[in-house]
Amino acid sequence: MNKKILVIEDDESVQNVIKELLELLDFCVITAANGETGIEKALTAKPDAILCDVMMPTIDGFEVLQKIKAENSTKNIPFIFLTAKAETQLIEKGLNAGAIFYIAKPFTIEELSSALETAFR
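Everything quoted here is computed from the prediction, not taken from an experiment.

Regarding the pattern of salt bridges
Item 1. The final tally for this structure, using the stated rule, is four salt bridges.
Item 2. Glu23 is paired through a salt bridge with Lys19; the nearest N and O atoms lie 2.6 Å apart. With Glu23 and Lys19 both in helix α1 (residues 12-24), this residue pair falls four residues apart, about one helical turn.
Item 3. The class for Lys19 is partly exposed, based on a relative accessible area of 26%.
Item 4. When the shortest N-O distance is used, the salt bridge between Glu63 and Lys67 registers 3.5 Å. Residue Glu63 and its partner Lys67 are located together in helix α3 (residues 61-70), separated by four residues, close to a single helical turn.
Item 5. Exposure remark for Glu63: the relative accessible area of 28% places this residue in the partly exposed category.
Item 6. Of the residues examined, Lys67 reaches a relative accessible area of 38% and is grouped as partly exposed.
Item 7. The structure contains a network of salt bridges with shared partners spanning Glu9, Asp53 and Lys105.

This is the structure in C-alpha cells:
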C-alpha cells in the first residue's frame, strides 16, 4: 500500500510540482490550498505524513502544526515544513513545535525523498 502524503501549500504551481514529485516517488497525494482545509483533511484522511508551507494567509504552518499536534488522532503524524524562509529562528521554532524536518524551497526530489524516508523511520 502506498503511503498517503498531505501537501498543504497555498501556491498552486508549487503544490502541483510537489504533487507530481511525490507521485513519481509512488506516494498517494492529498492536497490542501490553505491551513484550514489542511487541518480538516489531516483529521479526516489521516495521512502518513504532512508537508506544509510555513507562510500562508489566515492560518500559517505553525498554527496548522499546533492544531494537528493537539488532536489525539493526528498528533503522531510526521510533519515536515516547506519554506522559502530558511532562517535558523524559524527552523528552531518549527522543530520545537513538533515538526520533524524543514525543507527549504527550492528543493530537489532527492531532498524531498530523504525527508520522507526520515519521517517513516
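Text resumes after the structure shown.
Comments concerning the packing of α3 against helix α4 (residues 88-97)
Item 1. At a closest axis distance of 10 Å, the pairing of α3 and α4 adopts a crossing angle of 10°. With respect to their mutual orientation, α3 and α4 come out roughly parallel. Listed contacts from α4 to Phe62, Leu65 and Lys69 of α3 are Leu90, Lys93, Gly94 and Ala97.
Item 2. Looking at the contact of α3 with α4 residue by residue, the class counts come to four nonpolar, one polar and two charged.

Brief notes about the nonpolar core
Side chains of nonpolar character tend, in soluble globular proteins, to be buried together.
Item 1. Within the largest apolar cluster, 22 residues are counted, with the highest numbers of intra-cluster contacts made by Leu6, Ile8, Ile50, Cys52, Val64, Phe79 and Phe81.
Item 2. At four residues, the largest contribution of residues to this core is made by α3.
Item 3. Ignoring any residue separated from it by four or fewer positions in sequence, one finds Phe79 in contact with Ile50, Cys52, Gly61, Val64, Leu65, Ile68, Ala99, Ile100 and Phe101.
Item 4. Counting 17 residues, the second-largest nonpolar core is a separate cluster that includes Ile5, Val29, Leu51 and Ile80.

Cut-offs applied
- Residues numbered from 1 in each chain as written.
- Predicted model: local features only at pLDDT ≥ 70, side-chain atom pairs only at ≥ 80, totals over all residues.
- Heavy atoms only, no water.
- Salt bridge = Lys/Arg side-chain N within 4 Å of Asp/Glu carboxyl O.
- Helix = DSSP H or I, 4+ residues; strand = E, 2+ residues; numbered from the N terminus.
- Buried < 20%, exposed > 50% of the residue type's maximum accessible area, 1.4 Å probe, protein only.
- Axes fitted to C-alpha atoms, helices over the stretch in contact; angles between N-to-C directions.
- Parallel < 35°, antiparallel > 145°, perpendicular 65-115°, else oblique.
- Contact = heavy atoms within 4.5 Å.
- Nonpolar A, V, L, I, M, F, W, Y, C, P; charged D, E, K, R; others polar.
- Core = buried A, V, L, I, M, F, W, Y, C linked by side-chain atoms within 4.5 Å.

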